Amino acid sequence: MDDHTLRVLEFGRVLELLAAETAFSLGAERARALRPATSFAEAVRLARETTEMRLLDQLGVDVPFSGARDVRDHLKAAAIGQLLEPSALLETVQVLTTARRARLVLEKLRDRVPTLAGIADAIGDFRTFADAVEQAITPRGDVADSASEQLAITRRELRAAEARLEQRAQAALAEAIRRGAAQEGLLTERNGRKVIPVRSDSRSLVPGIVHDVSSSGATLFIEPLAVVDAGNAVRELQLAEEREVRRVLQRLTDLLGARAEEARRSLEALAELDLISARARLAARMRAALPPPGDAESWFSERGQTRLVAARHPLLKGEVVPIDIEVGDDPQGILITGPNTGGKTVALKTVGLLTLMAQAGMGVPCGEGSRIRFFPKVYADIGDEQSIEQSLSTFSSHLRNIIAILREADNRTLVLLDELGAGTDPTEGAAIARAVVEELLDRGATVVATTHHGELKVLAHTDPRLRNASVEFDLETLSPTYHLVVGLPGQSNAIAIARRLGLDERVVERAASGLRPEHFELEELLAEIRRQRHELAELREQAAAERQEAERLRRELAREREQIERERAAVLAEARREADDTLARMRREIEQLRRRSREQLFDPAAAAEALRQAEHERDRLARAAAVRRSVVEAPVALAGIVPGDLVHVRDIPQVGEALSGPGEDGKVEVQFGSIRMKVSVDRIDRVEKPRPGSKERVVVPAGPPVPPELDLRGQRAEAALERFESYLDAAFRAGLPSVRIIHGKGTGALRAAIREALARHPLVRGYESAPPTEGGDGVTIATLAGS
């Protein structure tokens, strides 16, 4: 990609925004080195990476980067056998562990994010190295006694020797105090040796080695002869300890050095994932509609048209006025006119910069309905690059850029030209500008240009490959509105502006008299067209607002209707229960009458009449209960869901497909991609019938049923965690909203291990202890992501 174009379109400033979103320095380094792709396949690959990362964010899954650091220097040192300090080893372990965690997250979701999982495949498994380091080095960065058997022996001997040295030194100090030679009742150290501060005039009272003298010369620091051997023994053991520590560190360094290249590839893969994650985060921050989660191609094409809807320049601050623009096949070029500081150059840069961002896999700040065309070559001539040293005027600098562009332009080129034909005689400049535009169009290039030349407005009107566009100017406030209007050339407004600014009226009239009447007729016609377009735009906005209000009312009515249906169903269900209870009571009474007829004497006529009435009441209640049951079981608003319907579920951004109708538990089985889950009917906001002729659904075979709880009691933590990982993955794929992990109370070790794993697990949204009646602290309930 042309470096001059990247510079004038300020692509580097966008990369700085991207670098600020990365998690560690190597990711930021890659962000600053990012360049737009020059092949369509590469551009699609970059876009696919970003869409998959945005999909993970939508699913609530985070790729971990918390422990990421740039440890390339450590890896280079290890590769050549240079000893690594404990802190460097711990830092390297942290990075490699973070990389492996990222790989595990993506591996579990490979079917949803295959491109990201492919990048993570380069990450190696360094658990053996990590275990060795964590066993040998404490979290504070000290080499542990357990690092080697020899180190443990040496340190035990060293502690014993230090105790003997302290005992002898204290005895020597007590003797020096008794003789009156010691100035203070304390021991100190010089050059790693135990010494006693002694007055210089009492030197003969404390035989030993002088290691230091005070600045005044009044005090000598003497190591008594009685402790020299003990001090020597301590020093020898300290040196032995240092040698063993270096041997341990060298062993760990060699473990890493043997796999330094694999570790470097793992680090590079983690940095690449960090860069992709930063692209997704920046897209979210910019409210970018492109690329949408999970879709890398429907909006991106090698041919056709670039259509930007509500596009915003990513570097502008404050309230940005969005633009709508279409350019590519029809029209092939756009010619923007209008006053200075009106936003022509911003519109030009927006088209170019958003194209570059899309081809670099970055989010494009625009609205829904936008499309981007891929251009292998993008050239821009923007700004005044005159140079006194190189004897270049404004016109010359523009012309040199245009000459370079014409050497390369073809039908796969986007050309952006600012102030075309400026900086020279207006007549000749307009002629050159027209010739340049026509030559570019003849070559099939896509052109977006700004100009003040009226002749080019006429060209855009007469050449079907071109279309006029303009930025609006408010004559009342004498300020630009920054709205881009496609289809109309810009007005000059020079006479009107001069009059409003207070130029002498006689001068204004003299200037106006020098213009042809057709000029004013054209200006008035353009002004009238703009007024009409404003009115139409207001009417469209009003109609859109009314449609939105109607849709809002429709949704409210639908919700109210469903609520009424639910309440009605509840009332009828209660009535059915009452009827069933009454019917059962009547049957019992009838049965009692029959038993009494067999057991005792009674009036046969009265009994027959009572029996007849009871049976009549029984039949009436049975009929009423049947009617009510049929009413209750009649489908409510959402009860008519059938397999194949498209359902919109609250809090789940993806459209699902119904696999069953509502069950007795009031839930519908729904498939979201490869994930199945049961969804309560009251969470379904909208149901759509599949469009005729749409592709058949790809059915993902359901796995074996997954129980809602896992019992790990009596198992060791390592084996339990392995079962727990497999179970959690299966539960997520089965669409379970939550699971119960039974670990028991016991010592609490298994519970702590399980909850630590849940806290950092990417498929878990949260967890809590079960209620006291359901196991309390012996059971942990975990809520899964996506539920």
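Residues numbered from 1 in each chain as written. Predicted model: local features only at pLDDT ≥ 70, side-chain atom pairs only at ≥ 80, totals over all residues. Heavy atoms only, no water.

Chemist: Just checking my understanding: could you explain the side chain of Glu-241 for this structure?
Modeler: Tracing the chain through its elements places Glu-241 in helix α10 (residues 225–257). Here Glu-241 falls in the buried class, since its relative accessible area comes to 19%. Glu-241 has contacts with Leu-151, Thr-154, Arg-155 and Leu-158, leaving out every residue within four places of it along the chain. (Helix = DSSP H or I, 4+ residues; strand = E, 2+ residues; numbered from the N terminus. Buried < 20%, exposed > 50% of the residue type's maximum accessible area, 1.4 Å probe, protein only. Contact = heavy atoms within 4.5 Å.)

Chemist: How do you make sense of the nonpolar core when you look at a structure like this?
Modeler: Buried together is how nonpolar side chains tend to be arranged in soluble globular proteins. Membership of the largest hydrophobic core comes to 75 residues, with the highest contact counts inside it found for Leu-56, Leu-106, Leu-273, Phe-724 and Val-739. The element contributing the most residues to this core is helix α6 (residues 86–108), with nine residues. If we ignore the near neighbours within four places in the chain, the residues touching Leu-106 are Leu-56, Val-63, Val-113, Leu-116, Ala-117, Ala-120 and Leu-273. In terms of nonpolar packing, the next biggest core, distinct from the first, is built from 56 residues, Leu-15, Ala-296, Val-378 and Ile-382 among them. (Core = buried A, V, L, I, M, F, W, Y, C linked by side-chain atoms within 4.5 Å.)

Chemist: In this structure, what is going on with the sheet that holds strand β2 (residues 193–199)? I would like to understand it.
Modeler: Strand pairing in a sheet takes place through backbone hydrogen bonds and is either antiparallel or parallel in direction. With antiparallel pairing, four strands are arranged side by side in an open sheet as β1-β2-β4-β3. Both outer strands of the open sheet, β1 (188–190) and β3 (208–213), are each paired with one neighbouring strand and no more. Going across the sheet, the axis of each strand differs from the next one's by a mean of 50°, ignoring polarity. Taken strand by strand, helix α9 (residues 149–179) contacts β2 and β4 (219–224), and its axis lies near 5° from that of β2. (Pairing = 2+ DSSP bridges. Axes fitted to C-alpha atoms, helices over the stretch in contact; angles between N-to-C directions.)

Chemist: Is there a simple way to think about the sheet that holds strand β21 (residues 738–742) in this case?
Modeler: Taken together, four strands build an open sheet; the order of strands is β20-β21-β23-β22 and the sheet is mixed. A strand with exactly one partner marks an edge of an open sheet, and here the two such strands are β20 (709–711) and β22 (764–769). Each strand of the sheet is rotated relative to its neighbour by a mean of 20°, with strand direction disregarded. The sheet contacts of helix α21 (residues 749–760) involve β21, β22 and β23 (779–784), and relative to β22 the element is tilted by about 150°.

Chemist: Explanation requested: helix α12 (residues 344–359) in the structure shown.
Modeler: Here α12 is 16 residues long and its end C-alpha atoms lie 23 Å apart, about the 22 Å a rise of 1.5 Å per residue gives. Taking burial as the measure, the 16 residues of α12 include 14 buried ones, the bulk of the element. Positive phi appears at Gly-361, one or two residues downstream of α12, with a value of about 80°. (Expected span 1.5 Å × (residues − 1).)

Chemist: Sorry, what's going on with the packing of aromatic side chains here?
Modeler: For any pair of aromatic rings, geometry is given as the distance between the ring centres together with the angle between the planes. Considering all chains together, one arrives at four aromatic pairs under this definition. Seen from their ring centres, Phe-40 and Phe-300 are 5.6 Å apart, and the 50° between their planes marks the pair as tilted. Within this pair, whereas Phe-40 is found in helix α4 (residues 40–59), its partner Phe-300 is found in strand β5 (residues 300–301), the two being separated by 260 residues in sequence. Judged by its relative accessible area of 3%, Phe-300 falls in the buried class. With a centroid separation of 4.9 Å and 15° between ring planes, the pair formed by Trp-299 and Phe-300 is classed as stacked. The residues Trp-299 and Phe-300 share a single accessibility class, namely buried. Put simply, the rings of Phe-40, Trp-299, Phe-300 and Phe-374 touch in pairs and so form one group of aromatic residues. Across the ring face of Phe-221, the terminal group of Arg-190 is positioned such that the distance to the ring centre comes to 4.1 Å. Its guanidinium or amino end placed over the ring of Phe-126, Arg-259 lies 4.0 Å from that ring's centre, counting from NZ or CZ. (Phe/Tyr/Trp six-rings, centres within 6.5 Å; stacked < 30°, edge-to-face > 60°. Lys NZ or Arg CZ within 6 Å of the ring centre and 35° of its normal.)

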